[in-house]
There are 2 protein chains.
Amino acid sequence: MADAKVFITLKEGILDPQGKTLLRALRELGYDEVEDLRVGKYMEVKLTGGDAGTLESRLGEMCERLLANPIIEDYRMEVDV
Amino acid sequence: MADAKVFITLKEGILDPQGKTLLRALRELGYDEVEDLRVGKYMEVKLTGGDAGTLESRLGEMCERLLANPIIEDYRMEVDV
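The structure presented is a predicted model; accordingly, all values stated were derived computationally and were not measured.

S.K.: What is the right way to read the interface of chain B and chain A from this model?
M.R.: One frequent convention defines the size of an interface as the accessible area lost when the parts assemble. Taken residue by residue, the interface counts 35 residues in chain B and 35 residues in chain A. At the boundary of chain B with chain A, total buried surface from both sides reaches about 3200 Å², with 63% on carbon and sulfur atoms. It is Tyr31(B), Glu33(B) and Tyr42(B) in chain B that bury the most area against chain A; as a group they hold 21% of the surface buried on that side. One can count 2 salt bridges joining chain B with chain A. One salt bridge in this structure joins Glu33(A) and Arg58(B), with 2.5 Å as the shortest N-O distance. Counting the contacts that link chain B with chain A gives 18 residue pairs in polar contact (both at pLDDT 80 or more). Breaking the side of chain B that touches chain A down by element, the ones donating at least two residues are strand E1 (2-10), helix H1 (17-28), strand E2 (34-47) and helix H2 (52-67) of chain B. Considering every element that reaches the side of chain B that touches chain A, the biggest residue donor is E2(B), with 14 residues.

In structure tokens:
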């Protein structure tokens, strides 16, 4: 049994309207210390069987095929066996 | 200048239809090793000024007031000064 985490972020240069909206709202609330904010996705995945290497390579495949959009998004994984 | 990360997850017991849909789709693609999947949000925040403690407490306030919905979501932060 392994607990994995997947972090999906927009690639640099890809516009993030949700982040810009939150940034503006925070400034309006007086949080002037916020310079920038970008929004991504975070997934907690429970996996069974296999060693860490296999699980990580399978999870990478899942990201490429379904969880992320590799054209506009980057992803990063952490697998704790 | 500090780089902060915010992880927002649905509280236990709160239904996650997006996670369930991804889980089913992964199973249909043959990824039977996936036991469970929950989707949350991940934010990268650039902050200026203040020490780590102040920035963390301000960021916690931003989560409570705007970034997360504390009724149904938990949040966790990492602040690297």
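S.K.: It is not clear to me how the packing of aromatic side chains should be interpreted in this structure. Could you clarify?
M.R.: In this description, a pair of aromatic rings is defined by centroid distance and the angle of the planes. For the structure shown, the criterion picks out 5 aromatic pairs over all chains. Taken together, a centroid distance of 5.8 Å and an interplanar angle of 70 degrees make the contact between Phe7(A) and Phe7(B) edge-to-face. In this pair, Phe7(A) is assigned in strand E1 (residues 2-10) and Phe7(B) in strand E1, connecting two distinct chains. Judged by relative accessible area, Phe7(B) falls into the buried class, the value being 4%. Each member of the aromatic cluster is reached from another via a ring pair, and the members are Phe7(A), Tyr42(A), Phe7(B) and Tyr42(B). The aromatic ring of Phe7(A) is capped on one face by Arg76(A), whose charged end is 4.2 Å from the ring centroid.

Parameters at a glance
- Along each chain, residues carry numbers from 1 onward, in the same order as the chain's sequence is written.
- Chains and ligands are labelled sequentially in the order written, the chains with letters from A and the ligands with numbers from 1.
- A pLDDT threshold of at least 70 governs which residues receive local features in this predicted model, and a stricter bar of 80 or more applies before side-chain atom pairs are shown or counted, although totals over entire chains, interfaces and linings include all residues.
- Computation of side-chain values: all heavy atoms of the structure, hydrogens and water removed.
- What makes two residues a contact is simply this: any of their non-hydrogen atoms within 4.5 Å.
- The term buried area denotes the loss of accessible surface (1.4 Å probe radius) that occurs when two parts are joined, taken as the sum for both partners.
- Think of a salt bridge as a Lys or Arg side-chain nitrogen and an Asp or Glu carboxyl oxygen that are within 4 Å of each other.
- For this analysis, a polar contact is any N or O atom pair within 3.5 Å, provided that within protein one partner can donate a hydrogen and the other can accept it, and provided that sequence-adjacent residues contribute only side-chain to side-chain pairs.
- Starting at the N terminus, helices and strands are each numbered in turn, a helix being any DSSP run of H or I of at least four residues and a strand any DSSP run of E of at least two.
- Classification of ring pairs rests on two measures: the distance between centres of Phe, Tyr or Trp rings, Trp counted by its six-membered ring, which must be within 6.5 Å, and the angle between planes, read as stacked under 30 degrees, edge-to-face over 60 and tilted in between.
- Exposure classes here rest on a 1.4 Å probe applied to the protein chains alone. A residue is buried below 20% of its type maximum, exposed above 50%, and partly exposed in between.
- Remark: a charge is flagged as sitting over a ring if the NZ atom of Lys or the CZ atom of Arg is within 6 Å of the ring centre and within 35 degrees of the ring normal.

That's the geometry; what it means functionally is another story.
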